[in-house]
Amino acid sequence: MSDVLERVRATGLLAEERPVVVLLSGGRDSVCLLDCAVRIAGAASVSALHVNYGLRDGAGDDERHCRALCDELGVALDVEHARRPEAPGNLQAWARDVRLGAGIRRALRQAADLATGHTATDQAETVLYRLAASPGRRALLGMGARDGRLVRPLLGLTREDTAGHCRHRGLDWREDPTNGTDAYARNRIRAELLPALRRVHPAAERNVVRTAALLRDEAEVLDDVVDTALGGRDRIAVEHLALLPRALARLVVRRLAEEVVGGLCGRAATRLDDILALGDGALDVGDGVRAIV
């Protein structure tokens, strides 16, 4: 499984003596990532973060496994203990926010990158979930290999690849029993939708991932076109907006909205016709954004 290590090295996201914090759950993907990080960057440049949410009976065993693994690989480990808030909400979103927030804080303190174990399998699941739940081209872009300090060195590997690497290296991992429940949409995609797509075409998963990569490349071209349409301005004349091709006009509206909020504002683009018909006035376009003519 040396090809796994070389494929990770070839991404350039991990490099010799470049500091990196690895998010370590104890599952096969994060175990593979930690081992590759140590072998590429060197143990002295690698630290790990494990978040114990205390949500499952085996949470303590997961933490002990991560401690033993880090001892074996000579890596410093931080453990964050989190408790779910009493208020209702999306459990997976809360856990993700806690994990990434804790990881970014440590990465900033250490002037390091933050590495997650997302694989091509995760990428395919993400794209399919967004295709079903979020209208618009951006939903199909998937996850990038780098997003600021956040890096995903395993996006070119499948779960089968990471499992094979761990077996070859004699590294044990922990299985999350909640991955087998159909309570979460992502699990249903993993257990039902992806197998059905593979029956349609054996390369279905790889084709989904490849499509996302192509769309990300094309998105950079579209961003340049939007830059040209706006000409460095933070507004556009309604008459000019109306003359643009509709697809470009929607992209311009979305760009203006997202520059205001500093984040995604996908609903704004759907209000193009309402903005063009507004005349002088204001219109709420979603996500806390108001268009003013």
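Residues numbered from 1 in each chain as written. Predicted model: local features only at pLDDT ≥ 70, side-chain atom pairs only at ≥ 80, totals over all residues. Heavy atoms only, no water.

Enquirer: Give a detailed account of the packing of helix α5 (residues 120-133) against helix α8 (residues 204-230), specifying residues and quantitative values.
Expert: Between α5 and α8, the shortest axis-to-axis distance is 9 Å and the interhelical angle comes to 75°. Taken together, the axes of α5 and α8 lie roughly perpendicular to each other. Counting all contacts with α5, which are made through Ala120, Thr121, Gln123, Ala124, Val127 and Leu128, the residues of α8 involved are Glu205, Val208, Val209 and Ala212. Class assignment for the residues of the contact of α5 with α8 results in seven nonpolar, two polar and one charged. (Axes fitted to C-alpha atoms, helices over the stretch in contact; angles between N-to-C directions. Helix = DSSP H or I, 4+ residues; strand = E, 2+ residues; numbered from the N terminus. Parallel < 35°, antiparallel > 145°, perpendicular 65-115°, else oblique. Contact = heavy atoms within 4.5 Å. Nonpolar A, V, L, I, M, F, W, Y, C, P; charged D, E, K, R; others polar.)

Enquirer: An account of the sheet that holds strand β5 (residues 146-147) is requested, with residue identities and associated values reported.
Expert: Strand order in the open sheet formed by six strands is β3-β2-β1-β4-β6-β5, and the pairing between neighbours is mixed. Each edge of the sheet is formed by a strand with only one pairing partner; in this case those strands are β3 (76-81) and β5. Relative to strand β2 (residues 46-52), strand β1 (residues 20-23) is paired through four bridges, and the arrangement is parallel. Paired with Val22 across the two strands is Ala48, which belongs to β2. (Pairing = 2+ DSSP bridges.)

Enquirer: Any details on the pattern of salt bridges? Residues and values, ideally.
Expert: Taken as a whole, this structure holds 26 salt bridges when the rule is applied. Across the pair Asp3 and Arg7 runs a salt bridge whose closest N-O atoms are separated by 3.5 Å. On the criterion of helical spacing, the pair formed by Asp3 and Arg7 is a turn pair, its members being four residues apart in helix α1 (residues 2-10). Salt-bridge contacts for Glu175 lead to Arg28; the nearest nitrogen and oxygen are separated by 3.0 Å. Of this pair, Glu175 sits in the loop between α6 (159-169) and α7 (185-200) while Arg28 is found in helix α2 (residues 28-41), placing the two residues 147 residues apart along the sequence. (Salt bridge = Lys/Arg side-chain N within 4 Å of Asp/Glu carboxyl O.)

Enquirer: Go over helix α4 (residues 91-109), please, and point to the residues and values.
Expert: Three- or four-residue spacings in an α-helix give side chains the same orientation, since the helix completes a turn every 3.6 residues. The terminal C-alpha atoms of α4, which comprises 19 residues, lie 27 Å apart, in line with the 27 Å expected from a rise of 1.5 Å per residue. Those residues of α4 that fall on the buried side of the exposure criterion are Ala93, Trp94, Ala95, Val98, Ala102, Gly103, Arg106 and Ala107. Check the buried side of α4 and you find it contacts β1, β2, β3 and β4 (113-115). Within two residues after α4, Ala111 carries a phi angle of roughly 50°, on the positive side. (Expected span 1.5 Å × (residues − 1). Buried < 20%, exposed > 50% of the residue type's maximum accessible area, 1.4 Å probe, protein only.)

Enquirer: Tell me about the environment of Arg167, and name the residues and values.
Expert: Checked against the element boundaries, Arg167 lands in helix α6. Judged by its relative accessible area of 57%, Arg167 falls in the exposed class. In sequence terms Arg167 and Cys32 are 135 residues apart; their C-alpha atoms lie 9.7 Å from each other.

Enquirer: How would you explain α6 if you had to name every residue and give the values?
Expert: What α6 keeps buried is the set Arg159, Asp161, Thr162, Ala163, Gly164, His165 and Cys166. Of the residues one or two after α6, Gly170 is the one with positive phi, at around 70°.

Enquirer: Which residues make up the side chain of Thr162, and what values go with them?
Expert: In this structure, Thr162 sits in helix α6. Given the relative accessible area of 0%, Thr162 is considered buried. Apart from the residues lying within four places of it in its own chain, the contact partners of Thr162 are Arg28, Asp29, Cys32, Thr119, Leu154 and Leu157.

Enquirer: Got a sec to walk through the nonpolar core? Specific residues and values, please.
Expert: Membership of the largest hydrophobic core comes to 32 residues, with the highest contact counts inside it found for Leu24, Leu34, Val46 and Val75. Put simply, the parts of the chain that give this core at least two residues each are α1, β1, α2, β2, α3 (59-73) and β3. Excluding anything up to four places from it in sequence, Leu24 contacts Ser30, Val31, Leu34, Ala48, Leu49, His50, Cys66, Leu69 and Cys70. (Core = buried A, V, L, I, M, F, W, Y, C linked by side-chain atoms within 4.5 Å.)

Enquirer: Can you explain the state of the cysteines? Please cite residues and give values.
Expert: Within the structure shown, the criterion is met by zero disulfides. This cysteine, Cys166, is not joined by any disulfide, and Cys32 carries the nearest cysteine sulfur, 5.2 Å off. Take Cys166: its relative accessible area is 0%, and that puts it in the buried class. (Disulfide = S-S within 2.5 Å.)

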